[in-house]
Amino acid sequence: MGWSFDIGKIFGIRFRIHVTFLLLVLFVFISVADEHGLQRGLWATAFVCAVFACVLIHEVGHSLIARRFGKEAKSITLLPIGGMATMDEMPEKPIQEIAMALVGPLINLVIAGVLYVIVGRWTGIGVPTIEPDSSRSFLAGLIGINIMLAIFNLIPAFPMDGGRVLRGLLAMTMDYVAATSVAVSVGQTLAMVFIFYGVFYSWWIAIIGLFLYIGAGGEKQQVVLKSVLHAVPASEAMTTTFKTLRPDEPISRALEHFYHGCQDDFPVVGEAGIEGILTRARILAAIHDKGLNVPVSDVMDRDFAWVSPQTPLDEIYRKSLAGGKTAVAVVDDNAVKGIVCLDGIKRFLAVGAALGHAGSRV
Ligand SMILES: [Zn+2]
């Protein structure tokens, strides 16, 4: 995500802070300090940071459970609306999804319990405040916030953890796409109630409702698109009329093909089979830096991605996005049978989106 920077690694997960989060911290400090003095300003700032530390621990919990199921979280970014984990894919086994979703709110309850022991008693908690001016009300406020975070995250609507728990439970008895559909409908109905209630009583609740409504729709689209892509094997989506290059040919040869056709990415095939892929970006950069006579083997991507003709498109899509590849070679029996490019997959996605909308209208 742009506008965010690294603050280090914990458990092998990269942590990043978005610049808007720092602006929020600055805003809290300035507005509280301006009205109540420097000391309260510092307390409020420390409190906001402590709340977000709890949110981060919640996200780390999700990521560590995901890792146990073999799904790796790449990074967690701290935004003013909370932590956001970037993952290539979510666990699809219902029980795994439920475990992964439940661990977040559970962690907030554990934090609240530990703080409760530290504070010793419940006196002076009241409504959680962002202006605590003693260490006891500071911790008491954190207890309240952690309980609220646990309850809020258990709302059975995407993108909250409760939405994932609900889908996981439904997916035990029905297919994943249908389970998502039902969970999304439940979430959106709930979101409508929030919006309706919020319009009369509290704009914050209305905004949360809107956020839940949009989140639910996004989740459904993602799952529908994934199922559309999953049904298509590489052999059906690949381009079979393509030019290949030899490793010892000059790059000018690629340029000729490039000018006389629509092909952007070229498999480079040597004696023993495919050795690399020459992409448009590499061709253009090489011409600029090294001229027209540099051999293809010097420029090609040797760390290229390849799949078998049976590989489903959703896997190819994930692979090319994760590796930053614009094209994936389809290889069978050591021979290049075709190329699947990212643009080609996006065409399937467009069809899937149209089908998804048609489906929701029925
Ligand atoms: Zn969560």
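Since this is a predicted model, take the numbers as computed values, not measurements.

Here the focus is the nonpolar core. Judged by nonpolar contacts, the single largest core of 16 residues is most densely connected at Phe47 and Leu142. Of all the secondary structure elements, the ones that give two or more residues to this core are α2 (38–68), α3 (94–119) and α4 (135–153). The dominant element in this core, judged by the number of residues it contributes, is α3, at six residues.

The next thing to look at is the side chain of Ser297. Within the secondary structure, Ser297 sits in helix α11 (residues 296–299). Accessibility expressed as a relative area gives 19% for Ser297, which makes it buried. Excluding anything up to four places from it in sequence, Ser297 contacts Pro247 and Arg302.

Moving on: the pattern of salt bridges. If the charged atoms of two oppositely charged side chains come close together, the side chains can form a pair. Under the definition given, this model contains 11 salt bridges. Note that Arg14 and Asp6 form a salt bridge whose closest N and O atoms lie 2.4 Å from each other. Given a relative accessible area of 37%, Asp6 falls into the partly exposed group. For Arg253, the salt bridge identified is with Glu249, shortest N-O distance 3.0 Å. Judged by relative accessible area, Arg253 falls into the partly exposed class, the value being 31%. Taken together, the shared-partner salt bridges in this structure form one network comprising Arg282, Asp301, Asp303 and Lys325.

What counts, and where the lines are drawn
- Residues numbered from 1 in each chain as written.
- Predicted model: local features only at pLDDT ≥ 70, side-chain atom pairs only at ≥ 80, totals over all residues.
- Heavy atoms only, no water.
- Core = buried A, V, L, I, M, F, W, Y, C linked by side-chain atoms within 4.5 Å.
- Buried < 20%, exposed > 50% of the residue type's maximum accessible area, 1.4 Å probe, protein only.
- Helix = DSSP H or I, 4+ residues; strand = E, 2+ residues; numbered from the N terminus.
- Contact = heavy atoms within 4.5 Å.
- Salt bridge = Lys/Arg side-chain N within 4 Å of Asp/Glu carboxyl O.

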